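# Architecture at a glance
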Amino acid sequence: MAYADGVGALGWLLVSASLVLLMTPALAFFYGGMSRSKSVLNMMMMSFGALGVGMLAWVLFGYSISAGPTVNNLFGEPFSNFGMIDVLNNYAEDPTSVISAGFGATFAIITVALISGSVADRMKFGSWLLFAFIWVVLVYAPVSHWVWGTGTNGEGFDALLGGGGPLFADLPGPYDFAGGTVVHINAGVAGLVLALLLGIRKGFGKEPMRPHNLPFVMLGAALLWFGWFGFNAGSAFAADGYAALAWVNTTTATAVAMLGWLLAEKIRDGKATSLGAASGVVAGLVAITPSCASVDTWGAIVIGFVAGVLSALAVGLKYKLGYDDSLDVVGVHLVSGLWGTLAIGLVASGTINGDAGLFYGGGITLLGVQAAAAAITIVYSAIATLIIGLLIKYTLGLRVSEDVEVSGIDLAVHGETAYEEAK
């Protein structure tokens, strides 16, 4: 029976990791469709590029920093499993650990790929690849260690931002089942910092910069939704009750978030759009990610609806505040990720360790703990991303020339265009 259980866990993680890997090409369609036609290939290449350098960064250093023996609860020893050799050499005796390491890689890849939406139309491709590699190693992996680190090679420890860790001893939570802090708040903050470093696009706020291919956007959102089941249900690491709960809550919150976004659009603009439907789907997926195994159906409905409305309103802030978050990484991932993380303190039903949120009789402590974990992630991600961005800006440079930006990055950088000109 133990062997059967092991095979079941192995199969579950193989499928889940494959689903999460699909999310990055899906993101390429989602972001690519939202871009202008002259830069769609560059935008999609940023996702594919993140897949390449993100995997390499994870194999070389990221896995060790995320899951290796801890150094003062801050990060795993960077060379403790350089190249993941020790894990891979144990493939026959412990195949589940091998695919668990691969599962972690897919999370690192999609997280850094998300950032690219904030810099569409204007970032150098080579600088993006270098940024993505360094960011996975120095930002994503340490935050992952803080939240999900377990200490390998026989050394266990209490994660810095995990329940019972050194910052939250004897307190409920904080909880992040599948990546509210590690993935979405982290990427959202990084996207904002990078957008500010790059500055606004030529014509931002003056010229229309509409999505060039809405069917691409909807296809990307649909594939993201499908892949997200590996993200959320897969984070149970077994086909068990938590996985089932995560699946249903993910679907519920996402569906309601889409309706919430469309309602907000209809009231504000008089029309419910396909872009709004696709964006609402992503907002719901983001918001339910940290809480998918800690809320009941009613909690999922609340989380989804609020996420849809909040993000629908938040995407317009860039025009009021003057930052050019090209494809709404801040408005969707940071805002909904932050809301989903805080919502645990409000509507957690007590499924994990009996810790309930404020509206379920658990008091305000869990909300405060969730807020503290989110704040620490925001501060670290902002400072580390700023340092990395500045180093690249004053060495390789971050931004393409104005001529390239105006004529289109696709032809200038990649030597090709997405669409043949009419003859």
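The shown structure was predicted, so the numbers you read here are calculated from the model rather than taken from an experiment.

### Remarks on the overall build of the protein
- Check the secondary structure of the protein and you find 15 helices and 2 strands.
- Judged by the C-alpha coordinates and their principal axes, the protein covers about 65 × 50 × 40 Å.
- Considering the protein as a whole, with its 423 residues, one finds that 55% of them fall into the buried category.
- For the protein, contacts bridging at least 24 residues in sequence account for 75% of all contacts bridging at least 6.
- Total accessible area on the protein stands at roughly 16600 Å², and carbon and sulfur atoms take up 68% of it.
- Put simply, the protein has 16 plus and 26 minus side-chain charges, and the middle of one group is 21 Å from the middle of the other.

### Comments concerning the packing of helix H7 (residues 214-232) against helix H9 (residues 274-288)
- At a closest axis distance of 9 Å, the pairing of H7 and H9 adopts a crossing angle of 15°. One way to sum up the angle between H7 and H9 is to call them roughly parallel. In this structure, the crossing between H7 and H9 has a hand that is left-handed. Within the contact between the two elements, H7 uses Leu214, Val217, Met218, Ala221, Leu224, Trp225, Trp228 and Asn232 and H9 uses Ser274, Leu275, Ala278, Val281, Val282, Leu285, Val286 and Ile288.
- Of the residues that constitute the contact of H7 with H9, the class distribution is 14 nonpolar, 2 polar and no charged.

### Description of a nonpolar patch on the surface
- A surface patch of nonpolar side chains, about 590 Å² in accessible area, is lined by Trp298, Leu358, Phe359, Tyr360 and Ile364.
- In this fold, Ile364 is placed in the loop between helix H12 (329-347) and helix H13 (365-393).
- Since its relative accessible area comes to 58%, Ile364 is described here as exposed.

### Let's talk about helix H8 (residues 241-269)
- Given a rise of 1.5 Å per residue, 29 residues ought to cover 42 Å, and the 42 Å separating the end C-alpha atoms of H8 matches this to within 8%.
- For H8, the capping residue at the N-terminal end is Asp240, with a side-chain oxygen 3.2 Å from the backbone nitrogen of Tyr242.

### Some points on unusual backbone geometry
- Omega for the bond connecting Gly173 with Pro174 falls within 30 degrees of zero, at -5°, which places this linkage in the cis form.
- Within the secondary structure, Pro174 is located in the loop between helix H5 (125-148) and helix H6 (180-198).
- One non-glycine residue, Met84, lies in the positive phi region at around 55°.
- Note that Met84 resides in the loop between strand S2 (75-76) and helix H3 (85-88).
- Residue Asn353 is not a glycine yet carries a positive backbone phi of 55°.
- Mapped onto the elements, Asn353 comes out in the loop between H12 and H13.

### Some thoughts on the nonpolar core
- Grouped together as the largest cluster of nonpolar side chains are 90 residues, with contacts concentrated most on Phe30, Ile115, Met123, Trp128, Phe131 and Trp135.
- Discounting chain neighbours no more than four positions away, the residues touching Phe30 are Phe216, Val217, Gly220, Ala221, Leu224, Ala278, Ser279 and Val282.

### Remarks on the environment of Gly165
- Within the fold, Gly165 resides in the loop between H5 and H6.
- According to the relative accessible area criterion, Gly165 is buried, its value standing at 1%.
- Each C-alpha atom of the pair Gly165 and Ala26 lies 35 Å from the other, and the pair is 139 residues apart in sequence.

### Digging into H13
- If you check H13, its first and last C-alpha atoms are 42 Å apart, about what 29 residues at 1.5 Å a residue would give, namely 42 Å.
- Listed as buried for H13 are Leu366, Val369, Gln370, Ala373, Ala374, Thr377, Ser381, Ala384, Thr385, Ile388, Gly389 and Ile392.
- Looking at the buried residues of H13, the elements they touch are H5, H6 and H12.

### Focus: the packing of helix H10 (residues 297-314) against H12
- Contact geometry of H10 with H12 gives a least axis separation of 9 Å together with a crossing angle of 150°. When the axis of H10 is compared with that of H12, the two are roughly antiparallel. The crossing of H10 and H12 is right-handed. Listed contacts from H12 to Gly299, Val302, Ile303, Val306, Ala307, Leu310, Ser311 and Ala314 of H10 are Gly331, Val332, Val335, Ser336, Trp339, Ala343 and Val347.
- Of the residues assigned to the contact of H10 with H12, the class counts are 11 nonpolar, 4 polar and no charged.

### Some remarks on the pattern of salt bridges
- Scanning the model with the defined rule gives 8 salt bridges in all.
- Ionic pairing is found between Arg201 and Asp121, a salt bridge with its closest N-O pair at 3.0 Å. With Arg201 in the loop between H6 and H7 and Asp121 in the loop between helix H4 (95-115) and H5, the pair connects residues that are 80 residues apart, well separated along the chain. Both residues of the pair, Arg201 and Asp121, count as buried.

### Observations concerning the side chain of Ser47
- Turning to its location among the elements, Ser47 is positioned in helix H2 (residues 40-67).
- Note on Ser47: relative accessible area 0%, which makes it buried.

Reading the values: rules and limits
Residues numbered from 1 in each chain as written. Predicted model: local features only at pLDDT ≥ 70, side-chain atom pairs only at ≥ 80, totals over all residues. Heavy atoms only, no water. Helix = DSSP H or I, 4+ residues; strand = E, 2+ residues; numbered from the N terminus. Buried < 20%, exposed > 50% of the residue type's maximum accessible area, 1.4 Å probe, protein only. Contact = heavy atoms within 4.5 Å. Areas by Shrake-Rupley, 256 points an atom, 1.4 Å probe, with all protein chains shown as cover. Lys, Arg positive; Asp, Glu negative; His and termini not counted. Charge placed at Lys NZ, Arg CZ, Asp CG, Glu CD. Axes fitted to C-alpha atoms, helices over the stretch in contact; angles between N-to-C directions. Parallel < 35°, antiparallel > 145°, perpendicular 65-115°, else oblique. Left-handed = near helix turned anticlockwise from the far one by under 90°. Nonpolar A, V, L, I, M, F, W, Y, C, P; charged D, E, K, R; others polar. Patch = residues over 30% accessible without salt bridge, like charges linked within 9 Å, V, L, I, M, F, W, Y side chains within 5 Å. Salt bridge = Lys/Arg side-chain N within 4 Å of Asp/Glu carboxyl O. Expected span 1.5 Å × (residues − 1). Polar contact = N/O pair within 3.5 Å; in protein donor to acceptor, adjacent residues only side chain to side chain. Core = buried A, V, L, I, M, F, W, Y, C linked by side-chain atoms within 4.5 Å.

Such coordinate-based values are descriptive only and should not be taken to indicate function.
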